[in-house]
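Analysis of the macromolecular model
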Amino acid sequence: MLFVNNFLILYKNVMKFESELIESLVNSKRVSVLTGAGISAESGIQTFRDPDGLWAKFNPAELASMDGFMSNPKLVWEWYQYRRSVINNSKPNPGHYAIAEMQEIFDEFSLITQNVDRLHHKAGSQNVIELHGNIIENFCVECKAPFESSDDVNDDEVPICKSCGGLVRPAVVWFGESLPEPQMTQAYKAASNSEVFFSIGTSAEVYPAAQLPLIASDSGAVVIEVNTKHTAISGRVDFCLIGKSGEILPNLLKIIKNIKAEKI
Ligand code: BJW
Ligand code: ZN
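Here the structure is a predicted model, which means the values were calculated and not measured.

In this section: the nonpolar core. Core analysis: the biggest nonpolar cluster contains 29 residues, and L25, F198 and I224 have the highest contact counts within it. Elements with a minimum of two residues in this core: α1 (16-26), β2 (30-35), α6 (94-105), β3 (108-113), β8 (196-200), β9 (222-227), β10 (239-242) and α10 (245-263). Among the elements that make up this core, the one with the highest residue count is α10 (7 residues). Once residues lying within four places of it in the same chain are set aside, the contact partners of F198 are L25, V31, S32, V33, L34, M102, I224, V226 and L252. The next biggest cluster of nonpolar side chains, apart from the first, holds 22 residues, and it includes I45, I87, C140 and V172.

Structure (structure tokens):
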């Protein structure tokens with residue numbers, strides 16, 4: 001395994017191991033990407049487990065579980081309203097845009113995200129596989145009916161379901177809850193069929209998402225991690241690109257596009 005620091009911008013100057021990485025990308029038709037909170041860090045959205053992340057100040061059991069919500073719905077609702085206001089005022093960064101461009105470059109491309117912020121959609125990515133739901137929508141905890149957004153959703157008070165009177169919650173996946181089945185099936189399929197699999201901006205500590213790069217590796221994919229630091233899976237991947245995804249991904253994409261253009 002090779003740890004690549006200071007990823008080079010000009011592909012003509014790349015060192016041998018970097019050229020191996022680039023060669024596998026240029027020659028691959030089936031590429032998948034898994035993203036986590038780190039891809040949105042450069043858009044001003046806090047990650048979870050970094051020293052300045054959300055879990056440094058808030059208790060995940062209280063804020064990201066059904067038990068936590070039922071114990072203190074107002075606290076949890078207000079926390080999500082605060083995060084929605086941050087997300088609504090944020091824009092995709094060059095990392096999101098580079099991933100959106102990848103769907104044009106590779107014959108079969110899958111984007112799997114753990115993020116709930118919809119910034120991949122805003123950047124133009126299509127068919128985004130959302131493993132942990134989204135923070136935009138809400139539904140009733142009792143009858144599961146979607147709660148249509150209206151002015152009520154902006155209130156600090158937890159909305160009440162218009163059909164059954166149940167509490168309304170954000171449409172995200174909390175700890176102890178199953179991930180949506182169609183999305184998991186698509187994600188497992190993409191991971192086991194990929195020639196190259198990227199794990200970008202995730203600590204790879206939350207399951208089952210963290211299994212995906214390992215499934216890809218076991219199925220023969222070249223696994224490339226992009227992160228500002230090493231993670232739980234760094235020892236299991238083929239290449240670790242250490243740095244900001246908003247800087248590494250556009251550079252990598254530029255190199256691939258130049259080589260592909262020269263081949264035509
Ligand atoms: C950058 C960067 C830059 C920063 N550029 N990089 C024991 C063993 C195994 C599993 C379990 C276990 N005990 C319990 C479980 C299951 C549990 C789990 O995995 N727990 C672990 C913590 C141990 N999983 C679940 O409960 C899941 N469901 C499930 O398994 O169902 C089956 C089941 C049911 C019942 C019982 C048991 C099993 C559900 C998980 C749901 C996760 N939900 C959250 C909240 C979503 C809603 C919300 O947003 O509020 O999802 S938690 C939070 O973590 C969020 C994220 O999607 C998820 C992953 O975090 P992510 O994206 O990796 O962020 P960080 O902060 O961890 O990492 C950011 C990274 O970016 C860092 O590495 C930085 O270095 C990097 N970075 N700047 C590049 N510029
Ligand atoms: Zn209801």
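Low-confidence regions, as indicated by low pLDDT, have predicted coordinates that should not be scrutinised in detail. Scored by pLDDT, the protein comes out at a mean of 92, with 91% of its residues at no less than 70. The low-confidence segment residues 1-6, where pLDDT is below 50, has 18 contacts with residues more than four positions distant or belonging to other chains. In the model, residues 8-13 has pLDDT below 50 throughout and makes 13 contacts with residues more than four positions away in sequence or in other chains.

Right, let's get into the side chain of T113. Locating T113 in the fold gives a position in strand β3. When neighbours within four sequence positions are excluded, T113 is seen to be in contact with T35, H120, V128, I129, E130, L131 and H132.

Below, the discussion takes up the pairing of β9. Among the 6 residues that make up β9, 5 are buried, leaving the element largely enclosed by the rest of the structure. In this structure, β8 lies alongside β9, joined through 5 bridges in parallel fashion. Across the sheet, residue F198 finds its bridge partner in β9, namely I224. For the crossover from β8 across helix α9 (residues 211-218) to β9, the handedness is right-handed. Relative to β10, β9 is paired through 4 bridges, and the arrangement is parallel. Looking at β10, one finds that I224 is bridged to F239.

Below, the discussion takes up the sheet that holds strand β7 (residues 168-172). Strand order in this open sheet of 3 strands is β6-β5-β7, and the pairing throughout is antiparallel. The outermost strands of the open sheet, each flanked by one partner alone, are β6 (146-147) and β7. Direction of pairing for strand β5 (residues 133-140) relative to β6: antiparallel, over a ladder of 2 bridges. Bridged to F139 within β6 is P146. Taken strand by strand, helix α5 (residues 73-88) contacts β5 and β7, and its axis lies near 140° from that of β5.

Turning our attention to the pattern of salt bridges. Within the structure shown, the criterion is met by 9 salt bridges. Salt-bridge contacts for D50 lead to K229; the nearest nitrogen and oxygen are separated by 2.4 Å. With D50 in the loop between β2 and α2 (54-57) and K229 in the loop between β9 and β10, this pair connects stretches of sequence that are 179 residues apart. Here D50 falls in the partly exposed class, since its relative accessible area comes to 22%. For R236, the salt bridge identified is with D218, shortest N-O distance 3.9 Å. Here D218 lies in helix α9 and R236 lies in the loop between β9 and β10, a separation of 18 residues in the sequence. A relative accessible area of 62% places D218 in the exposed class. Each of K74, E78 and E157 takes part in salt bridges that share partners, so that together they form one network.

Moving on to the coordination of the zinc ion (ligand 2). Only C140 (SG), C143 (SG), C161 (SG) and C164 (SG) from the protein coordinate the zinc ion (ligand 2), and they sit 2.2 to 2.4 Å from it. In this structure, the zinc ion (ligand 2) is surrounded by 4 donor atoms whose angles at the metal cover 98 to 117°, and the resulting shape is tetrahedral.

Let us look at the packing of aromatic side chains. Counted according to the given criterion, the structure contains 6 aromatic pairs. Plain terms: the ring middles of F69 and W174 are 5.5 Å apart, the flat faces sit at 40° to each other, and that makes the pair tilted. Here the residue F69 occupies a position in helix α4 (residues 66-71), and W174 occupies one in the loop between β7 and α8 (181-193), the gap between them amounting to 105 residues. Taking the relative accessible area as the measure of exposure, F69 reaches 0% and is therefore buried. Accessibility expressed as a relative area gives 2% for W174, which makes it buried. Taken together, a centroid distance of 5.0 Å and an interplanar angle of 85° make the contact between W79 and Y80 edge-to-face. Y80 gets classed as buried once you look at its relative accessible area, which sits at 3%. Chaining the aromatic ring pairs together yields one cluster made of F48, W55, F58, F69, W79, Y80 and W174. In this structure, R83 is placed above the aromatic ring of W79, and the distance from its NZ or CZ to the ring centre is 4.5 Å.

Reading the values: the criteria
- Residues numbered from 1 in each chain as written.
- Chains lettered and ligands numbered in written order.
- Predicted model: local features only at pLDDT ≥ 70, side-chain atom pairs only at ≥ 80, totals over all residues.
- Heavy atoms only, no water.
- Core = buried A, V, L, I, M, F, W, Y, C linked by side-chain atoms within 4.5 Å.
- Buried < 20%, exposed > 50% of the residue type's maximum accessible area, 1.4 Å probe, protein only.
- Helix = DSSP H or I, 4+ residues; strand = E, 2+ residues; numbered from the N terminus.
- Contact = heavy atoms within 4.5 Å.
- pLDDT = per-residue confidence, 0-100.
- Pairing = 2+ DSSP bridges.
- Right-handed = clockwise from strand over helix to strand, strands pointing away.
- Axes fitted to C-alpha atoms, helices over the stretch in contact; angles between N-to-C directions.
- Salt bridge = Lys/Arg side-chain N within 4 Å of Asp/Glu carboxyl O.
- Donors = N, O, S within 2.8 Å, 3.2 Å for Na, K, Ca; no water.
- Tetrahedral: all angles 85-135°; square planar, octahedral: opposite > 155°, others 65-115°.
- Phe/Tyr/Trp six-rings, centres within 6.5 Å; stacked < 30°, edge-to-face > 60°.
- Lys NZ or Arg CZ within 6 Å of the ring centre and 35° of its normal.

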